[in-house]
2 protein chains.
Amino acid sequence: MGMVIYGDSNSGNCLKVKYLSDVLGQPYRWIKTNALNGETQKAPFLAINPMGQVPVVTMPDGRHLAQSNAIMLHLADGSRLIPTDPFERTQMIAWLFWEQNNHEPWIAVRRKLKSMLKKRDDEIDPALLINGNRALGIMNEHLGTRGYFVAERLTLADIALIAYTREAGEGGYKLADFPAVSAWIGRVDGDLGLPMVKP
Amino acid sequence: MGMVIYGDSNSGNCLKVKYLSDVLGQPYRWIKTNALNGETQKAPFLAINPMGQVPVVTMPDGRHLAQSNAIMLHLADGSRLIPTDPFERTQMIAWLFWEQNNHEPWIAVRRKLKSMLKKRDDEIDPALLINGNRALGIMNEHLGTRGYFVAERLTLADIALIAYTREAGEGGYKLADFPAVSAWIGRVDGDLGLPMVKP
């Protein structure tokens, strides 16, 4: 039995694991799992992941792993996508935590509310736009002098951050206001073989 | 020059790094940095950490590291607090990401609003209590059959999760409703030499 990814293609967290597996040439079976209709809160799924979230990866030995960025660190261990220098590796991991605490909660959530749950702007907490724009500003500042987040080449930090950033327009964020981020999206899309996203 | 921790003792994220350094016997100088009065958004601090957050650790060579859980992974590298088995290590890292995405945003934030910013319950988004209780429930379920989060011994997962869990009462969460969590707090407090927290 090969590797299985339980994922929802509307979820950037799930797409991270797909993008990474594709770029590593790691074969997998994708099991569509709806993150919005309650499926991940029901007993059969909770038996796989008690956290009640996608993605989950089932390894060839049948054991399950949860949390997109943890899964990526596991699958990419020993690959070119994780710096060997301990300091650079920690810088990369710092961006992975920042993504989950300071980017996904605003940018992914506002995109879900607008694009999937069809909320009007006045039904959405204004903090999501403010904090998401602050996150994009931090990324833009950092990328103003660099081609990639760390180590001057593609690492897991780029894959983790691009998943929701490339869809930020669907959340009402204006990527054109963040030119270094837009240029980086084009660069990483090329590295990953993804279609270009127009700002 | 030794290691420096820029931290606010009201912040669980900062305390994680302190608890870890203490248990590893790693000496440091603690530079008090107020996370609430805007200090971390001003130029002198942003020069140290453009993310504008504490904790930051300055290593003996003068380089800075951000993000509490990334800092812990760096400082504890090669220690008994990180499992050597790759699968267990990834399980531990998964809890670190879960903490930043599914625990801190509810439990730490509600505690800050109530205990530090003195908000009344009716001024606080009810989702914080609901989601925080769901997080405590997931922890309680997991700890119902285990003494520690992974590998049956103290790891970074316990240190990351205890920081805000032990103060959850200040956020209006009832730890007595989560007996396995309460027992685990007592166990980890003992391991870390911290005072007992009464549920």
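Residues numbered from 1 in each chain as written. Chains lettered and ligands numbered in written order. Predicted model: local features only at pLDDT ≥ 70, side-chain atom pairs only at ≥ 80, totals over all residues. Heavy atoms only, no water.

> Even after reading the chapter, I still don't get the sheet that holds strand S1 (residues 3-7) of chain A, so can you show me in this structure?
In any sheet, the strands associate via hydrogen bonds between backbone groups, in a parallel or an antiparallel arrangement. Residues and elements named next belong to chain A. Read from one edge of the open sheet, four strands run S2-S1-S3-S4, paired in mixed fashion. Each having just a single partner strand, strand S2 (28-32) and strand S4 (64-66) make up the two edges of the open sheet. Neighbour-to-neighbour, the strand axes of the sheet open up by a mean angle of 20°, direction not taken into account. Summarising the sheet, S1 and strand S3 (residues 56-58) pair through three bridges and their orientation is antiparallel. Following the sheet pairing, Tyr 6 is matched in S3 by Val 56. Of the strands in this sheet, S1, S3 and S4 are in contact with helix H3 (residues 68-75), which crosses S4 at around 125°. (Pairing = 2+ DSSP bridges. Helix = DSSP H or I, 4+ residues; strand = E, 2+ residues; numbered from the N terminus. Axes fitted to C-alpha atoms, helices over the stretch in contact; angles between N-to-C directions. Contact = heavy atoms within 4.5 Å.)

> Hey, could you run me through the side chain of Arg166(A) in this one?
Residue and element names in this part refer to chain A. Looking at the element boundaries, Arg 166 is found in the loop between helix H7 (156-165) and helix H8 (179-192). A polar contact of 3.3 Å, which involves the side chain of Arg 166, links it to the side chain of Glu 167. Within the structure, Arg 166 has its side chain in polar contact with the side chain of Asp 189 (distance 3.0 Å). (Polar contact = N/O pair within 3.5 Å; in protein donor to acceptor, adjacent residues only side chain to side chain.)

> I would appreciate a short explanation of the packing of aromatic side chains in the present structure.
One pair of aromatic rings is described through two measures. These are the centre distance and the angle between the planes. If you walk through the whole model with that rule in mind, you get nine aromatic pairs over all chains. Between the aromatic rings of Phe149(A) and Trp184(A), the centroid separation amounts to 5.2 Å while the plane-to-plane angle is 85°, which identifies the pairing as edge-to-face. Pair noted here: Phe149(A) is in the loop between helix H6 (127-143) and H7 and Trp184(A) is in helix H8, with a separation of 35 residues, a long-range link. Of the residues examined, Trp184(A) reaches a relative accessible area of 0% and is grouped as buried. Across from the ring centre of Phe87(B), 3.7 Å away, lies the NZ or CZ of Arg63(A), which sits over that ring. (Phe/Tyr/Trp six-rings, centres within 6.5 Å; stacked < 30°, edge-to-face > 60°. Buried < 20%, exposed > 50% of the residue type's maximum accessible area, 1.4 Å probe, protein only. Lys NZ or Arg CZ within 6 Å of the ring centre and 35° of its normal.)

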